[in-house]
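Each chain, letter by letter, is given below.
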Amino acid sequence: MKATVTAHKDFAISKIDDRIYSAFLEHLGRAIYTGIYEPDHATADKNGMRGDVAKLVKDLNIPFVRYPGGNFVSAYNWEDGIGPREQRPTRLDLAWHTSESNAVGIHEFSDWCETVNTKMMLAINLGSRGLDEARNFVEYVNGPTGSYWGDLRKKNGRAEPFDVKLWCLGNEMDGPWQVGHKTAVEYGRLAGETAKTLRAFDKSLELVVCGSSNSDMKTYPEWERVVLEHTYESVDHISLHMYFANRAKNTANYLALNHKLDTYIATIESTINLVKANKRSKHNVYISFDEWNVWYHSNVQDREILGGNKGWPHAPRLLEDVYNFEDVLQVGCILNTFIRRSNVVKIACIAQLVNVIAPIMTDPKGAAWRQTIYYPYYFASIYGRGTALNLAVKCPGYNADVADNVPYVDISAVHNEAEGMLTFFAVNRHATEKLDVEVSLQGFGTAKLHDHQVLTHVSLEAVNTGSDQNNVVPQKGKGAVIEGQTLKASLPPYSYQMLRVKV
Ligand code: AHR
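Residues numbered from 1 in each chain as written. Predicted model: local features only at pLDDT ≥ 70, side-chain atom pairs only at ≥ 80, totals over all residues. Heavy atoms only, no water.

**Some details on the overall build of the chain**
A tally of regular secondary structure across the chain gives 11 helices and 26 strands. A globule of 503 residues ought to have a C-alpha radius of gyration of about 23 Å, and the chain, at 23 Å, matches this closely. Within the span of the chain, comprising 503 residues, buried residues form 59% of the whole. Residue pairs at least 24 apart in sequence account for 77% of intrachain contacts in the chain once pairs closer than 6 positions are excluded. Accessible surface computed for the chain: about 19000 Å², of which carbon and sulfur atoms make up 50%. Averaging the coordinates of the 53 positive side-chain charges in the chain and doing the same for the 58 negative ones gives two points 4 Å apart. (Helix = DSSP H or I, 4+ residues; strand = E, 2+ residues; numbered from the N terminus. Rg over C-alpha atoms; globule rule 2.2 N^0.38 Å. Buried < 20%, exposed > 50% of the residue type's maximum accessible area, 1.4 Å probe, protein only. Contact = heavy atoms within 4.5 Å. Areas by Shrake-Rupley, 256 points an atom, 1.4 Å probe, with all protein chains shown as cover. Lys, Arg positive; Asp, Glu negative; His and termini not counted. Charge placed at Lys NZ, Arg CZ, Asp CG, Glu CD.)

Right under this line is the structure:
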């Protein structure tokens, strides 16, 4: 099968905001405890943070990590996680039916972020709490000493403000499962007043208001319209979430799901523009896609704990999806969608980062390893920085549940002018046929193939585990060439590729 692609240097979608390669860590299952924090682990640093995990995280060069939730944040008291550890309370976490020791709080998390070279994106509890606690939290984190909260932070070991710029006004407030779930009007009013109050403290904060938990919510997309009517001028981003699943074991349908993601983004972009027009506003609001990933492998095993049948365990195994090779293709397609929609998606967070629906897995007291999906995320984060190009793609397609004529190739391109590098990320969705792709490189001058990495496997079900960590890993690609102004590559059936061209 053949596909032709045209890439022109001047046909830009947008400069990509590096923050689309961000991640998310929640106090959930073993994400924090025995994930990033395990004081008696052989690799633990002086703060009790696992060095082996920190190394795998640092390699990803993650711009921001959203914290501390998720559903967890909607009943979280941030004050429980400050001050001497031995005085911190153990609380029942109502979102995940577990116990929270509070051994890790904002100070410990900030230190870890410095270790792994990332920044905090903090979520505020607008579920069980409200405006006053939001204000106190932001003043504690960013306020000057000489004020009540700034001085308390200093007493707890940190005189300098944490200087966190990016704040989420609650989490999934449209969801009936959420502690403190609200209607769009109730939430819009609260978020608007909270934004106004936080801006009175610091105009330069970047604020993210909650959009839909997924595009199947009954309230979508009216939720976004109403919430933005109440908040448009005082927020910078609207948050969207989406998780992907192949419960029906239909790969063709599964790998078409990023078309649904694409429509979701386009619809909310239109909603933003509608509200902007209604308000006659100059202000821009963008999308923060701050939870996305594959999530379904662990659903059955999680039922016991989520149903409360196991009491209130501390850091149990929850949402521990073991990702397979098929999920590599899915994550590749999702990341391509964010690159192609980088004009409006300015933040995106893979959910989550360690153990809980995560690219990194650990054994308590044991190894840390890369799950299969680590690799497409790694390649996009490291090499997908620059300007997204608007490609013209001609390729045969197939009809799927969510869309017709889904092209067998899913491809995005990023031009990094400073490095003189043009990078393509491509997925062949065909089960049995290789795809011979010819990419016409227009306006780039001389071109030379720099790197070609491939992920493929005889089994879609192949996984990496603690005892077999390198079952699914990238291999050097073969056979790609540049002839004149054309890049020619043959993509094996069911494969993920990264091709880098020096231009
Ligand atoms: O990431 C897991 C959960 O998914 C988050 O806590 C919640 O925001 C979403 O429903």
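Alright, that's what it looks like, and here's the rest.
**Side note on the site of the ligand**
Lining the immediate environment of the ligand, one finds 13 residues, of which E26, N71, E172, Y243 and E291 sit closest. At 2.6 Å from an oxygen atom of the ligand is found a side-chain nitrogen or oxygen belonging to E26. Between the ligand and the protein, one listed contact pairs an oxygen atom with a side-chain N or O atom of N171 at 3.0 Å. Protein chains shield 96% of the accessible area of the ligand, which is 280 Å² for the free molecule. In this structure the site holding the ligand corresponds to the largest pocket. Here the residues of the shell around the ligand are counted per class, giving six nonpolar, four polar and three charged. (Near = heavy atom within 4 Å. Polar contact = N/O pair within 3.5 Å; in protein donor to acceptor, adjacent residues only side chain to side chain. 1 Å grid on protein atoms, 1.4 Å probe; cavity = no way out; pocket = protein on both sides within 12 Å on 5 of 7 lines; lining within 4 Å. Sits in = over half its atoms within 2 Å of the grid points. Nonpolar A, V, L, I, M, F, W, Y, C, P; charged D, E, K, R; others polar.)

**Remarks on the domain arrangement of the chain**
Examined at the domain level, the chain breaks down into domain 1 (2–9 + 389–502) and domain 2 (17–249 + 282–383). On a C-alpha basis, the centres of domain 1 and domain 2 stand 31 Å from each other. Between domain 1 and domain 2, the contact holds 30 residues from the first and 23 residues from the second. Summed over both partners, the interface of domain 1 with domain 2 buries about 2300 Å², with 67% contributed by carbon and sulfur atoms. (Domains from an automatic or database assignment. Buried area = accessible area lost by both parts, 1.4 Å probe.)

**Quick look at the packing of helix 3 (residues 131–142) against helix 4 (residues 148–155)**
Where helix 3 contacts helix 4, the axes come no closer than 7 Å and their chain directions differ by 55°. As far as their axial angle goes, helix 4 and helix 3 are oblique. Crossing handedness for the pair helix 3 and helix 4: right-handed. Along the contact surface, helix 3 presents N136, E139, Y140, V141 and N142, while helix 4 presents W149, G150, L152 and R153. Considering only residue class, the contact of helix 3 with helix 4 consists of four nonpolar, three polar and two charged. (Axes fitted to C-alpha atoms, helices over the stretch in contact; angles between N-to-C directions. Parallel < 35°, antiparallel > 145°, perpendicular 65-115°, else oblique. Left-handed = near helix turned anticlockwise from the far one by under 90°.)

**Let's talk about the side chain of H41**
For H41, the position within the fold is in the loop between strand 3 (22–24) and helix 1 (51–59). Separated by 2.9 Å, the side chains of H41 and T43 make a polar contact. Within the structure, H41 has its side chain in polar contact with the backbone oxygen of G366 (distance 2.7 Å).

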